[in-house]
Number of protein chains: 2
Amino acid sequence: MSKLLIVGTVAFDAIETPFGKTDKILGGAGTYIGLSASNFNQVDAGLVSVVGNDFPQEYLDLLHEKNINTKGIEVVKDGKTFFWSGKYHTNMNKRDTLITELNVLEHFNPVVPKDYKDAEIVMLGNLHPLVQNAALEQLTKKPKLVVLDTMDFWMNIALDDLRMVLKKVDVITINDEEAQQLSGEYSLVKAAKIIHEMGPKYVVIKKGEHGALLFHKEQMFFAPALPLADVFDPTGAGDTFAGGFTGYLAQQEELTFEAMKNAVIWGSNLASFTVEEFGVKRIAEVTTKEVEDRLEKFKNLTNFSL
Amino acid sequence: MSKLLIVGTVAFDAIETPFGKTDKILGGAGTYIGLSASNFNQVDAGLVSVVGNDFPQEYLDLLHEKNINTKGIEVVKDGKTFFWSGKYHTNMNKRDTLITELNVLEHFNPVVPKDYKDAEIVMLGNLHPLVQNAALEQLTKKPKLVVLDTMDFWMNIALDDLRMVLKKVDVITINDEEAQQLSGEYSLVKAAKIIHEMGPKYVVIKKGEHGALLFHKEQMFFAPALPLADVFDPTGAGDTFAGGFTGYLAQQEELTFEAMKNAVIWGSNLASFTVEEFGVKRIAEVTTKEVEDRLEKFKNLTNFSL
């Protein structure tokens, strides 16, 4: 069993899309990453996060059922769980944030449980770069791979901190507009080169429904998103991708470029389920057979013989 | 030698992008389709179009050099060549049309030369659907494949005509927003199904820098665009794609789904050159070696072994 340390939010989300809306449901980057990574049964995933005492036991039970170690989830007495609410446009690549209540997240001080301080793979979900760094600082053994996800918000308010922590990571996952913002380059090829120089040896640029690009030195790989008849809710797709990416890698002996390519495909595969229902519903219920069948679709989607 | 009949505009373009601007240069869908298809040396391509007497001999010479038969290009005495001017935004997927002078195109009555009335493959470039239909009506033998390109403009002003001609075509190439407009569906998977029912057995949805999708019954294939460090001018990329698509198919014995997939890759490959320079410069000068080398890049871009 390989250990995967996940640091990320566990939250309440309220989501509106052109296809419906939800009340407060289970959300958070750490939640999606964990549920996605739980599809790899040779991985021992531990989640570091924080919630309030309003967080339902049934949600913690769900994580346990999926063999996600929740020892690292601090429950703050008299605290309220982080709450995010957003609304998607017809073009589901765009969304407006309606409400952000940081609550217990405001003073989140991640504590990595002893058992995960020697994790082989570390997945730092989208959080303040100093929180991401605080988790890294607690490791007792250099991980095989550190993966960091971030967003434009941190580039706007904590760019120096982000640059500091980027020097310590092997892989960054970021969306196309964020890659352009971070690098100052419109071309994603040029943007990736500049982000390489900031630290990460691998740059993964997520393009939502347009797939994902993996850059490593002069090498480049592209994984399409699976075109779907119905996309209900894109929330968590990027985090599901990250969970599939790191979960797959946690099962590999060697982290070659070939392994990274496969990890991008696995991330895309699992993300394609998340968007089919609101919240975590689909990714929490997906079966091994469904995932394997869809992997075949991914193979057929880009396979040609010229 | 297989015959490829191309019906499309030959024009002057004036283009502005974030990287520069041009005076009136050679443009037009038929021009790009022809130059692109000329990369397949077992194809006898004939171009049906119209220009004014202001059209320079050197441009016609260029087409001849590329072995494009120009017998079908009518030169209207005292007529002026179709002129289009456009400006691209930083996001090169969007452009504004600055000038459209139809000139000789306004009364374009395509005349298919006798030698091409039995063409195996017919590529109908973006034109009024009745002009596309007029060319089809002149054929003396049912082609192996009729491919039609169109745009939102014709959906707005000549939808019934477009629907009429769509019943006669095997393949439609269309961009993502146009597919959504034509079908009334946001999901491209659903849009393709609806467009199938309008006639075309194959639906190719072009997504610019995000690649192209091929749909056929329940089958689906995706070809990425090659991520490039520098994109100077997207003008003609879709037409170059169409030229590569039909040029490749004109060399094939059997038009299977596998052949269609390869054709989409060839279209994407050739289009990736067009955007590297203004106008037709790059596609008119590209060498066999360059095209073959880039084909390897396309293979590596999506190839994985899971």
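The structure presented is a predicted model; accordingly, all values stated were derived computationally and were not measured.

## With respect to the overall build of chain A
The number of helices and strands found in chain A is eleven helices and 15 strands. Its C-alpha radius of gyration of 18 Å places chain A within 12% of the 19 Å reference for a compact globule of 306 residues. When its C-alpha atoms are laid out on the principal axes, chain A stretches across 60 × 45 × 40 Å. Scored against the burial criterion, the 306 residues of chain A give a buried share of 53%. In chain A, 68% of the contacts between residues at least 6 apart in sequence involve partners at least 24 apart.

## Some points on the relation of the copies chain A and chain B
Copy one and copy two of the chain differ by a rotation about an axis and a translation along that axis. Its rotation angle being 180 degrees, the transformation that places chain A on chain B also includes 0.0 Å of axial translation and leaves an RMSD of 0.0 Å. In symmetry terms, the pair is related by a two-fold rotation axis. Taken as a fraction of all interface residues of chain A, those also at the interface in chain B reach 96%, which identifies the copy contact as same-surface.

## Focus: the nonpolar core
Counting 196 residues, the largest nonpolar core has Val 147 of chain A together with Val 147 of chain B as its most contacted members. In this structure, Val 147 of chain B is in contact with Val 122, Met 123, Leu 124, Val 169, Asp 170, Val 171, Thr 173, Ala 242, Phe 245 and Thr 246 of chain B, ignoring residues within four places of it in sequence.

## A look at the interface of chain A and chain B
Of the residues lining the interface, 26 residues belong to chain A; the matching set on chain B comes to 25 residues. Those elements that provide at least two residues to the side of chain A that touches chain B are helix 7 (188-197), strand 15 (219-223), helix 9 (257-274) and helix 11 (288-302) of chain A. Top contributing element to the side of chain A that touches chain B by residue count: helix 11 of chain A, with four residues. Of the residues contributing to the side of chain A that touches chain B, the split by class is 16 nonpolar, five polar and five charged.

## Here's the deal with the environment of Ala 14 of chain A
In this fold, Ala 14 of chain A is placed in strand 2 (residues 11-17). Between the C-alpha atom of Ala 14 of chain A and that of Ser 85 of chain A, which follows or precedes it by 71 residues, the distance is 4.5 Å.

## Here we look at the environment of Lys 144 of chain B
All names here are of chain B. Summarising the element assignment, Lys 144 is placed in the loop between helix 3 (129-137) and strand 11 (145-149). Judged by C-beta crowding, with 17 C-beta atoms within 10 Å, Lys 144 ranks as partly exposed. Considering only alpha carbons, one finds Lys 144 and Asp 170, 26 residues apart in sequence, at a separation of 9.0 Å. If near-sequence neighbours (up to four positions away) are discounted, Lys 144 is found in contact with Glu 120, Ile 121 and Leu 255.

## Some points on the packing of helix 3 of chain B against helix 5 (residues 159-166) of chain B
All names here are of chain B. Put simply, helix 3 and helix 5 touch, their axes get as near as 8 Å, and they point 30 degrees apart. When the interaxial angle is binned, helix 3 and helix 5 end up roughly parallel. The way helix 3 lies across helix 5 gives a crossing that is left-handed. The segment helix 3 lies against helix 5, with Pro 129, Leu 130, Gln 132 and Asn 133 engaging Asp 161, Leu 162, Met 164 and Val 165. Among the residues making up the contact of helix 3 with helix 5, the classes are represented as five nonpolar, two polar and one charged.

## Quick word on the packing of helix 8 (residues 237-250) of chain B against helix 9 (residues 257-274) of chain B
Residues and elements named next belong to chain B. Across the interface, helix 8 lies against helix 9 with an axial gap of 7 Å and an inter-helix angle of 140 degrees. Put simply, helix 8 runs oblique to helix 9. The way helix 8 lies across helix 9 gives a crossing that is right-handed. Taking contact as the criterion, the partners of Ala 237, Thr 240, Phe 241, Ala 242, Gly 243, Gly 244, Phe 245, Tyr 248 and Leu 249 in helix 8 are, on helix 9, Ala 259, Asn 262, Ala 263, Val 264, Trp 266, Gly 267, Ser 268, Asn 269, Leu 270, Ala 271 and Thr 274. Across the contact of helix 8 with helix 9, the residue classes break down as twelve nonpolar, eight polar and no charged.

## What to know about the confidence of the model for chain A
Overall, the prediction assigns chain A a mean pLDDT of 96, with 100% of residues at 70 or greater. Reported confidences for the modelled complex are a pTM of 0.95 and an ipTM of 0.92.

## Section: the environment of Gly 46 of chain A
Residue and element names in this part refer to chain A. Position of Gly 46 relative to the elements: it lies in strand 5 (residues 43-52). Separated by 21 residues in sequence, Gly 46 and Asn 67 place their C-alpha atoms 8.9 Å apart. Not counting residues up to four positions away in its chain, the partners in contact with Gly 46 are Lys 3, Leu 5, Ile 6, Asn 69, Lys 71, Gly 72, Pro 113, Asp 115 and Tyr 116.

## Things to note about helix 1 (residues 29-37) of chain A
The element helix 1 of chain A is largely enclosed, with a buried count of nine among its nine residues. Within helix 1 of chain A the residues assigned to the buried category are Ala 29, Gly 30, Thr 31, Tyr 32, Ile 33, Gly 34, Leu 35, Ser 36 and Ala 37 of chain A.

## A word on the pairing of strand 13 (residues 202-206) of chain B
One face of the sheet, then the other: side chains in a regular strand alternate in exactly this way. Residues and elements named next belong to chain B. With respect to burial, strand 13 is a largely interior element, five of its five residues being buried. In strand 13, alternate side chains face the same way, and those of Tyr 202, Val 204 and Lys 206 on one face and Val 203 and Ile 205 on the other are all buried. Pairing of strand 12 (residues 171-175) with strand 13, which is carried by five bridges, proceeds in the parallel orientation. By the bridge assignment, Ile 174 is partnered in strand 13 with Ile 205. Of the strand pairs in this sheet, strand 13 and strand 14 (residues 212-216) are connected by five bridges, and their pairing is antiparallel. Within strand 14, the residue paired with Ile 205 across the bridge is Leu 213. Hairpin connection, strand 13 to strand 14: the antiparallel pair is bridged by five residues, and Gly 208 has positive phi, about 60 degrees.

## Observations concerning the pairing of strand 8 (residues 83-88) of chain A
Residues and elements named next belong to chain A. Pairing between strand 2 and strand 8: five bridges, direction parallel. Residue pairing in the sheet places Ile 15 in a bridge with Gly 86 of strand 8. Note that strand 8 and strand 9 (residues 95-101) share six bridges and pair antiparallel. From the neighbouring strand, Lys 87 faces strand 9, where its bridge partner is Asp 96. Two successive antiparallel strands, strand 8 and strand 9, enclose a turn made up of six residues.

## Some remarks on unusual backbone geometry
The backbone of Asn 67 of chain A sits at a positive phi, close to 60 degrees, despite the residue not being glycine. Tracing the chain through its elements places Asn 67 of chain A in the loop between helix 2 (57-65) and strand 6 (68-69). Residue Asn 67 of chain A is classed as partly exposed on the basis of its C-beta count, with 13 C-beta atoms lying within 10 Å. Phi at Asp 78 of chain B is positive, roughly 60 degrees, even though this residue is not glycine.

Each value, and the rule that gives it
- Residues numbered from 1 in each chain as written.
- Chains lettered and ligands numbered in written order.
- Predicted model: local features only at pLDDT ≥ 70, side-chain atom pairs only at ≥ 80, totals over all residues.
- Helix = DSSP H or I, 4+ residues; strand = E, 2+ residues; numbered from the N terminus.
- Rg over C-alpha atoms; globule rule 2.2 N^0.38 Å.
- Buried ≥ 20, exposed ≤ 12 C-beta atoms within 10 Å, placed from the backbone.
- Contact = placed C-beta atoms within 7 Å.
- Least-squares fit on C-alpha atoms with pLDDT ≥ 70 in both.
- Core = buried A, V, L, I, M, F, W, Y, C linked by C-beta atoms within 7 Å.
- Nonpolar A, V, L, I, M, F, W, Y, C, P; charged D, E, K, R; others polar.
- Axes fitted to C-alpha atoms, helices over the stretch in contact; angles between N-to-C directions.
- Parallel < 35°, antiparallel > 145°, perpendicular 65-115°, else oblique.
- Left-handed = near helix turned anticlockwise from the far one by under 90°.
- pLDDT = per-residue confidence, 0-100.
- Pairing = 2+ DSSP bridges.

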